[in-house]
Amino acid sequence: AMAGGLEPHLAALRRELGGPAVLSVLVALIAVAITFLIWRFVQGRKSSRKAVLLLGLCDAGKTLLFARLLSGRYRDTQTSITDSSAVYRLSQDKSTNVTLIDLPGHESLRLQFLERFKAAARAIVFVVDSVAFQREVKDVAEFLYQVLVDSTVLRNAPALLIACNKQDVTMAKSAKLIQQQLEKELNTLRVTRSAAPTSLDGSATGGPAQLGKKGKDFDFSQLPMKVEFVECSARGSKGEEGEADLEGLKKWLVKVA
């Protein structure tokens, strides 16, 4: 009945516009305009997220890495108990910049600081101590799992870099080995969390039920965000006197800005 009621109006509109072909063009133009507005909205949301979060366990080297990126110089650091932020210029063109935010890695603080800044994250640098990795792999995977199942992180899908730091030390593990071990640990965590009972407040634990693809062993390519690995050294091969080895990290920052 409604279609029948609209038909006279559509017929009149066709006559006014010169026939059905023009009306089709008009409908197509409206569809394009709506698509463009949606695209602008999505891009606007993305461009409003200018923060690059530095995450990781205590003593992974986040704060020294933060200082080296900003000043190029070495400085002694202490365990952070609050966040530090600064504008990092990616080129001589001063309009190209991001806000680096160094978040505390202490177990009692890291999730509350992530909660505060996650919505602003354009990208995340997850810093790993490549020397202590074998000893800390379970803790590293636990924190990374908490980041990856966060609903805001999943929805915004910020680019993720696993920065394998302290490569200047002979005993440092390679990025390839770190990736393999993390995928294995995250796969184990996914299985144990999906089988876990509800928490004390009655809600399900572990965020979304499934990390990656159901029925397949976990690997980073299954995530909604692009994940890359890089080897770096905030101290540099010559220690305090030398230059940091952050070329891979700097190139990645330019790419995600």
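Relevant structure appears above.
Residues numbered from 1 in each chain as written. Predicted model: local features only at pLDDT ≥ 70, side-chain atom pairs only at ≥ 80, totals over all residues. Heavy atoms only, no water.

1. Details of the pattern of salt bridges
One pass over the full model with this rule turns up 6 salt bridges. Among the salt bridges present, the one from Arg193 reaches Glu142, with a minimum N-O distance of 2.4 Å. Taken together, the positions of Arg193 in helix 7 (residues 175–194) and Glu142 in helix 5 (residues 133–148) put the pair 51 residues apart, joining distant regions of the chain. On the basis of relative accessibility, which here comes to 22%, the residue Arg193 falls in the partly exposed class. Accessibility expressed as a relative area gives 23% for Glu142, which makes it partly exposed. The structure contains a network of salt bridges with shared partners spanning Glu115, Lys118 and Asp150. (Salt bridge = Lys/Arg side-chain N within 4 Å of Asp/Glu carboxyl O. Helix = DSSP H or I, 4+ residues; strand = E, 2+ residues; numbered from the N terminus. Buried < 20%, exposed > 50% of the residue type's maximum accessible area, 1.4 Å probe, protein only.)

2. Some words on the sheet that holds strand 3 (residues 97–102)
Strand order in the open sheet made by the 6 strands is 2-3-1-4-5-6, with mixed pairing throughout. One side of each edge strand has no neighbouring strand; the edge strands of this open sheet are strand 2 (84–89) and strand 6 (227–231). Taking each pair of neighbouring strands and ignoring which way they run, the sheet shows an average axis angle of 25°. For strand 4 (residues 121–129) and strand 5 (residues 159–165), the ladder comprises 7 bridges, and the chain directions are parallel. (Pairing = 2+ DSSP bridges. Axes fitted to C-alpha atoms, helices over the stretch in contact; angles between N-to-C directions.)

3. Some words on helix 5
With 16 residues, helix 5 extends only 19 Å from end C-alpha to end C-alpha; this falls clearly short of the ideal 22 Å at 1.5 Å per step. Considering bend angle alone, the principal kink of helix 5 is centred on Asp139 and spans about 35°. Listed as buried for helix 5 are Phe133, Glu136, Val137, Val140, Ala141, Phe143, Leu144, Tyr145, Val147 and Leu148. Packing partners of the buried residues in helix 5 comprise strand 1 (51–56), helix 4 (110–117), strand 4, helix 6 (151–156), strand 5 and helix 7. (Expected span 1.5 Å × (residues − 1). Bend = angle between axes of the 7 residues up to and from the residue. Contact = heavy atoms within 4.5 Å.)

4. Here we look at helix 4
Those residues of helix 4 that sit buried are Arg110, Phe113, Leu114 and Phe117. Buried residues of helix 4, seen end-on, are gathered within an arc of 105° and therefore sit on one face of the element. Where the residues of helix 4 are buried, they touch strand 1, strand 3, strand 4 and helix 5. (Arc of directions from axis to C-beta.)

5. Describing the pairing of strand 1
Within strand 1, 6 of the 6 residues are buried, leaving the element largely enclosed by the surrounding structure. Side chains of strand 1 alternate between two faces, with Ala51, Leu53 and Leu55 and Val52, Leu54 and Gly56 buried alike. Sheet topology places strand 1 next to strand 3; 4 bridges connect them, and they run parallel. Paired with Leu53 across the strands is Ile101, a residue of strand 3. Where strand 1 meets strand 4, 6 bridges bridge the pair, whose relative direction is parallel. Looking at the pairing, Gly56 lines up with Val127 of strand 4.

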